[in-house]
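These are the residues of each chain, in order.
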Amino acid sequence: MPMESSMNIPSTLKTVARSALLGSFALGALGTVAALAQEAAPAVAAAAPAAPAFTVDKGDTTWMMISTVLVLLMTIPGLALFYGGLVRTKNMLSVLMQVFTITSVVMIIWVFYGYSLAFTPGNAFVGGLSKMFLSGVNVSTLSETFSKGVAIPELVFVVFQMTFACITPALIVGAFAERVKFSALILFVILWVTVIYFPIAHMVWFWGGPSAYADPSGLIFGFGAIDFAGGTVVHINAGIAGLVGALMIGKRIGYKKDIMAPHSMTLTMVGASLLWVGWFGFNAGSNLEANAYAVLAMINTFVATAAAAVTWIVLESLLRGKASMLGAVSGAVTGLVAVTPAAGFAGPMGAIVLGIVATFVCYFFVSVVKNTFDYDDSLDVFGVHCIGGIIGALGTGILVNPALGGAGIVDYSTADFAAGYAGTATQLLAQGKGVLVTLLWSGIGSAILYKIVDLIIGLRPTADAEREGLDLTSHGEAAYHS
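Now for a look at the structure at hand. These numbers come from a predicted model, not from an experiment.

**A few points about the overall build of the chain**
So, step 1. Along the chain, the regular secondary structure elements total 15 helices and five strands.
So, step 2. A buried classification covers 53% of the 482 residues belonging to the chain.
So, step 3. Put simply, of all contacts in the chain between residues at least 6 apart along the chain, 78% involve residues at least 24 apart.
So, step 4. For the chain, the accessible surface area stands at approximately 19500 Å², while carbon and sulfur atoms represent 71% of it.

**Things to note about empty space enclosed by the protein**
So, step 1. Tallied over the entire structure, the rule returns one cavity of 30 Å³ or more.
So, step 2. Quantified by volume, the largest cavity comes out at close to 60 Å³.
So, step 3. Lining the largest cavity are V204, I220, F221, A225, I226, D227, T232, A393, Q431, G434 and V435.
So, step 4. Going through the elements one at a time, helix 6 (219-223) and helix 13 (424-456) are the ones with two or more residues in the lining of the largest cavity.
So, step 5. With three residues, helix 13 is the single largest residue contributor to the lining of the largest cavity.
So, step 6. Of the residues contributing to the lining of the largest cavity, the split by class is seven nonpolar, three polar and one charged.

**Some words on the state of the cysteines**
So, step 1. On inspection of all chains with the given rule, the structure shows zero disulfides.
So, step 2. No disulfide involves C362; its sulfur sits 9.5 Å from the nearest other cysteine sulfur, which is in C386.

**Concerning the side chain of S378**
So, step 1. Inspection of the secondary structure assignment puts S378 in the loop between helix 11 (348-373) and helix 12 (381-399).
So, step 2. Among the residues examined, S378 registers a relative accessible area of 10% and is labelled buried.
So, step 3. Polar contacts involving the side chain of S378 include one to the main-chain carbonyl oxygen of A177, which spans 3.3 Å.
So, step 4. Leaving out residues up to four positions away in the same chain, S378 has contacts with G174, A175, F176, A177, R179, R252 and K370.

**A look at the packing of aromatic side chains**
So, step 1. Applying the stated rule across the entire model yields 27 aromatic pairs.
So, step 2. Both rings, one in F164 and one in W205, keep their centres 5.9 Å apart while their planes meet at 80°; by these two values the pair is edge-to-face. One end of the pair, F164, is in helix 4 (residues 154-172); the other, W205, is in helix 5 (residues 182-205), and 41 residues separate them in sequence.
So, step 3. Residue W205 is classed as buried on the basis of its relative accessible area, which comes to 15%.
So, step 4. Relative to Y412, the ring of W207 has its centre 5.1 Å away and its plane inclined at 50°; by these criteria the two rings are tilted. Of the two residues, W207 is situated in the loop between helix 5 and helix 6 and Y412 in the loop between strand 4 (409-410) and strand 5 (419-420); the sequence distance between them amounts to 205 residues.
So, step 5. Members of the aromatic cluster, joined through ring pairs, are W110, Y113, Y115, F119, F157, Y197 and F198.
So, step 6. Lying across the ring of F223, K433 places its NZ or CZ 4.4 Å from the centre.

**Here we look at the pairing of strand 3 (residues 150-153)**
So, step 1. Alignment of strand 1 (residues 55-56) against strand 3, held across two bridges, turns out to be parallel. Counterpart to T55 in the pairing with strand 3 is V150.
So, step 2. For strand 2 (residues 142-144) and strand 3, the ladder comprises three bridges, and the chain directions are antiparallel. Each residue of the ladder has a partner; that of L142, found in strand 3, is P153.

**Digging into the pattern of salt bridges**
Opposite charge on two side chains lets them pair, provided their charged atoms get close.
So, step 1. Enumeration over the complete set of coordinates arrives at 11 salt bridges.
So, step 2. Of the charged contacts in the structure, one is a salt bridge between K370 and D380, with a shortest N-O distance of 3.0 Å. Note that K370 is positioned in helix 11 and D380 in the loop between helix 11 and helix 12, a separation of 10 residues in sequence.
So, step 3. Taking the relative accessible area as the measure of exposure, K370 reaches 10% and is therefore buried.
So, step 4. Each of R88, E178, R179, R252 and D376 takes part in one network of salt bridges that share partners.

**Observations regarding the sheet that holds strand 2**
So, step 1. Spatial ordering of the open sheet is given by 1-3-2, a layout of three strands whose pairing is mixed. Both outer strands of the open sheet, strand 1 and strand 2, are each paired with one neighbouring strand and no more.
So, step 2. Each of strand 2 and strand 3 touches helix 4; the most contacted strand, strand 3, lies at about 70° to it.

**Description of the side chain of N283**
So, step 1. With respect to the helices and strands, N283 occurs in helix 8 (residues 265-284).
So, step 2. Residues contacting N283, with those up to four places away along its chain left out, are F228, A229, A297, T301, V339, T340 and A343.

**What about the nonpolar core?**
So, step 1. Of all hydrophobic cores here, the largest spans 111 residues; its most connected members are Y83, W110, W192, Y197 and F198.
So, step 2. Of the residues forming this core, the biggest block, 16 residues, is contributed by helix 5.
So, step 3. The next biggest cluster of nonpolar side chains, apart from the first, holds six residues, and it includes A338, A346, L354 and A358.

**Observations regarding the packing of helix 2 (residues 58-86) against helix 8**
In a packed pair of helices, the relevant descriptors are the angle between the two axes and the axis-to-axis distance.
So, step 1. Packing of helix 2 against helix 8 brings their axes to within 7 Å, and their N-to-C directions diverge by 155°. In terms of axis orientation, helix 2 runs roughly antiparallel to helix 8. In this structure, helix 2 crosses over helix 8, and the sense of that crossing is left-handed.
So, step 2. Grouping the amino acids of the contact of helix 2 with helix 8 by side-chain chemistry returns 21 nonpolar, seven polar and no charged.

**Comments concerning helix 2**
So, step 1. The end-to-end C-alpha distance of helix 2 is 41 Å, a good match for the 42 Å that 29 residues give at a rise of 1.5 Å each.
So, step 2. The principal kink in helix 2, of about 40°, is found at G78.
So, step 3. For helix 2, the capping residue at the N-terminal end is D57, with a side-chain oxygen 2.7 Å from the backbone nitrogen of G59.

**Regarding the environment of T424**
So, step 1. Relative to the helices and strands, T424 resides in helix 13.
So, step 2. In this structure, the C-alpha to C-alpha distance between T424 and L399, residues 25 residues apart in sequence, is 9.2 Å.

Conventions used here
Residues numbered from 1 in each chain as written. Predicted model: local features only at pLDDT ≥ 70, side-chain atom pairs only at ≥ 80, totals over all residues. Heavy atoms only, no water. Helix = DSSP H or I, 4+ residues; strand = E, 2+ residues; numbered from the N terminus. Buried < 20%, exposed > 50% of the residue type's maximum accessible area, 1.4 Å probe, protein only. Contact = heavy atoms within 4.5 Å. Areas by Shrake-Rupley, 256 points an atom, 1.4 Å probe, with all protein chains shown as cover. 1 Å grid on protein atoms, 1.4 Å probe; cavity = no way out; pocket = protein on both sides within 12 Å on 5 of 7 lines; lining within 4 Å. Points joined across faces, edges and corners; volume = space filled by probe spheres on them. Nonpolar A, V, L, I, M, F, W, Y, C, P; charged D, E, K, R; others polar. Disulfide = S-S within 2.5 Å. Polar contact = N/O pair within 3.5 Å; in protein donor to acceptor, adjacent residues only side chain to side chain. Phe/Tyr/Trp six-rings, centres within 6.5 Å; stacked < 30°, edge-to-face > 60°. Lys NZ or Arg CZ within 6 Å of the ring centre and 35° of its normal. Pairing = 2+ DSSP bridges. Salt bridge = Lys/Arg side-chain N within 4 Å of Asp/Glu carboxyl O. Axes fitted to C-alpha atoms, helices over the stretch in contact; angles between N-to-C directions. Core = buried A, V, L, I, M, F, W, Y, C linked by side-chain atoms within 4.5 Å. Parallel < 35°, antiparallel > 145°, perpendicular 65-115°, else oblique. Left-handed = near helix turned anticlockwise from the far one by under 90°. Expected span 1.5 Å × (residues − 1). Bend = angle between axes of the 7 residues up to and from the residue.

Take it as geometry only, folks, not as evidence of what the structure does.
So, in structure tokens, the structure goes:
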């Protein structure tokens, strides 16, 4: 682990230059591939069948634009304030800066090549580069929804999915908050979304749509696994990457010796509330249409979150004698995470049960498992997001059953697109395979990427910089002035 002063300007310039050089090589390589792809494009276009006629509804388009803005609200300012309030005063601004910068950087990467890698044909693991730099995407191109013949403008699908790509790596920050170099984090995120997020999104969500349901799909989609809004793609993916990062970077200086209480539960509560509000875009927006299934996702996002918050409050009251604000918001986020994959599949009563069960398991991991194994997951990213995502993903396989009030799984091979259920064992197996692939791909891949970044830049600031606080040592400014 390199030891260098954060105030050493020449060293900082070297780091920036190094990162810029790496970025230049990467963009150069991608540009070459894009050029080759464009040369081959006419032949592919000539062989492609004519696109079916789709119906576009202004209400659906409007809802998706609103949902996109709501998901952005989840990240900035929602997640930034939620995490920021949980760290110590000397690191508040650093967390805000990390989340804000990640959001901005990933937006650019997404339109350069991320959308293409996630949502174009390629293979079972990742898409191709046919839509690199949004080639061929314009105001006249469309994306089909989950109803045959119904579509939304492709540009609104691009920006909606872009917000998911932004919040997922931002979630990872909480696992090793207060002890990571800013430059190292940004380089890691650039590599992580490219190697981990885009392929996982492709594996889980890429398919031909109702009009081409038999076309090749992503690996996990092909298993028959269902994930309405990102239990695997977002929460398990970020949660396991966070745990790996916390273990590889190591514990904070003074962990379990110094007081590391949240500096502002007020801001954390505000951030959690913004997350809850924004999550309606996350979950209900994932329906891609403004219809009854979007409303189902909406009510589930209300009741599962409320049930989880109340459950955490009751658990704390019984086990600790007092209910805390930290516990209440932790419960709410747990419910939001767990219901994400089930939002448009479970019935409201099933969503409540899911929120309660996820809270019991996540509370156990946060309060018992974390202390038993003595790892420093600063803001419980693994205990809430990964574990909550696993409970949600597996629970979705059960609660989607119409006999339990679920919506069933649409069979697009039937003439009327009837919703059915393959059986608990069959669906749980599919869900489990999806969870396992996500854990392995993200866990192993993230470990490799952390190591690469550590060798290039070094993951951790100096001990003196960490003690002083990352606000001043990384950014030269403070969140507060007395």
